[in-house]
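# Architecture at a glance
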Amino acid sequence: MGAERRPGRTARGGAAAIAALAMLITGAACQTAGRGDGGAPAAAIPLPDYETIRVRIAEQTESLDRLRTPLSVRLISPDRSGTALTEQVEGNLQIMRPSSVALRIDKVGQTVFYIGSNDEHYWWFDLGDEKVAYVGRLENASPEKAQRMGVPVHPLDLPDLLGLTPLPAADAAEWPPRVVRSADNRRIGVEAPARWGMKRLWLNPSTYAIEAVELYDATGVIAAVSELSGHARVRVRGDALVSPVLARRALVRLPASESELRLTLPDSDEAENPGDRLRTKAFDLTLLLDAYGIARTVDLDDPAVFETTSEP
């Protein structure tokens, strides 16, 4: 009987792997982002043009080019028998646009996963009994590799799912972005190119706050959705004149794995743009491999990593 060999399917389970790869972080669930509550539809809201939306999103995200925050992570995911398992862990997230992400996952005071990326690589450290690093080059990331890892989105999609990414200028987009209404006439939607397909943002029509993000693959199938709430101001060190807004709660679903991920950021000033205080060594792969005492490194660009093997 053939069985697929998947990196990271350790004794701690595939559910923890998805939590560890939360940077890639539902089902038909975000299709609920455009539905009403069953009552009469609201009057049609006016639609702004794309450039107006792009500028408003840029105003929100410009001062969130760097982010450092602790967060709690609650994951609900089925095991191989279909039984729903729940894991509660703590984490620390650092982001430096455009391509640097570091997510440390801790359980009972011990780091169990470290996930990250920089301008060249993306990685996932499984810090179990054997400390293993799974590393690939960003230029070689593909939907097929991501699907094999169990997370069918791009390694840099977490900032998108948290509403931290600016929209492209219309003349720089691969295809013309489109502005739409939600089915219940309560939200503004904007569709724009994503790395492997399309993303749709659902906005509050009064504040332009991003309330949901849907990511679709190249075939138009939904790959991941986040529902964002609890928007609050974030401190920017070195610039008291700006106070960008960040969602403090994100509910993320991955339909392929039937998993639900709840990310909660603190309501205090612990979530901030630290400016020059952001420690860039958090994105230095060479330093991290040494600091975490990695015993073995798996090259995700090696085709043999995903080859099919036989087992009884």
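Here we summarise the structure given alongside this text.

About the thresholds
- Residues numbered from 1 in each chain as written.
- Predicted model: local features only at pLDDT ≥ 70, side-chain atom pairs only at ≥ 80, totals over all residues.
- Heavy atoms only, no water.
- Helix = DSSP H or I, 4+ residues; strand = E, 2+ residues; numbered from the N terminus.
- Polar contact = N/O pair within 3.5 Å; in protein donor to acceptor, adjacent residues only side chain to side chain.
- Phe/Tyr/Trp six-rings, centres within 6.5 Å; stacked < 30°, edge-to-face > 60°.
- Buried < 20%, exposed > 50% of the residue type's maximum accessible area, 1.4 Å probe, protein only.
- Pairing = 2+ DSSP bridges.
- Contact = heavy atoms within 4.5 Å.
- Salt bridge = Lys/Arg side-chain N within 4 Å of Asp/Glu carboxyl O.

Mapping Asp184 onto the fold places it in the loop between strand E8 (178–181) and strand E9 (188–193). Side chain to side chain, Asp184 and Ser182 meet in a polar contact 2.6 Å long. Separated by 3.0 Å, the side chain of Asp184 and the backbone nitrogen of Arg186 make a polar contact.

Below, the discussion takes up the packing of aromatic side chains. Centre-to-centre distance and the angle between the planes together describe a pair of aromatic rings. Considering all chains together, one arrives at 5 aromatic pairs under this definition. Put simply, the rings of Phe113, Trp124 and Tyr134 touch in pairs and so form one group of aromatic residues.

Before going further, it helps to examine the pairing of strand E10 (residues 198–203). Extensive coverage of E10 is indicated by the burial of 6 of its 6 residues. Residues Met198, Arg200 and Trp202 of E10 are buried on one face, and the alternating residues Lys199, Leu201 and Leu203, pointing to the opposite face, are buried as well. Taken together, the 6 bridges between E9 and E10 define a ladder with antiparallel strand orientation. Looking at E10, one finds that Ile188 is bridged to Leu203. Linkage of E9 to E10, two consecutive antiparallel strands, is achieved through a turn of 4 residues. For E10 and strand E11 (residues 210–216), the ladder comprises 6 bridges, and the chain directions are antiparallel. Its bridge partner being in E11, Lys199 is matched across the sheet by Leu215. Linking two consecutive strands that pair antiparallel, namely E10 and E11, is a turn of 6 residues; a positive phi of about 65° is found at Tyr208 within it.

Moving on to the side chain of Ser100. Locating Ser100 in the fold gives a position in strand E4 (residues 100–107). Setting aside residues no more than four positions away along its own chain, Ser100 makes contact with Gln94, Ile95, Ser117, Asn118 and Phe283.

What follows covers the environment of Ala194. Position of Ala194 relative to the elements: it lies in the loop between E9 and E10. Since its relative accessible area comes to 14%, Ala194 is described here as buried. Considering only alpha carbons, one finds Ala194 and Glu174, 20 residues apart in sequence, at a separation of 9.3 Å.

A few words now on the pattern of salt bridges. Across all of its chains, the model carries 20 salt bridges by this definition. Between Glu51 and Arg54 there is a salt bridge whose closest N-O contact spans 2.8 Å. On the criterion of helical spacing, the pair formed by Glu51 and Arg54 is a turn pair, its members being 3 residues apart in helix H2 (residues 50–61). Residue Glu51 is classed as partly exposed on the basis of its relative accessible area of 38%.

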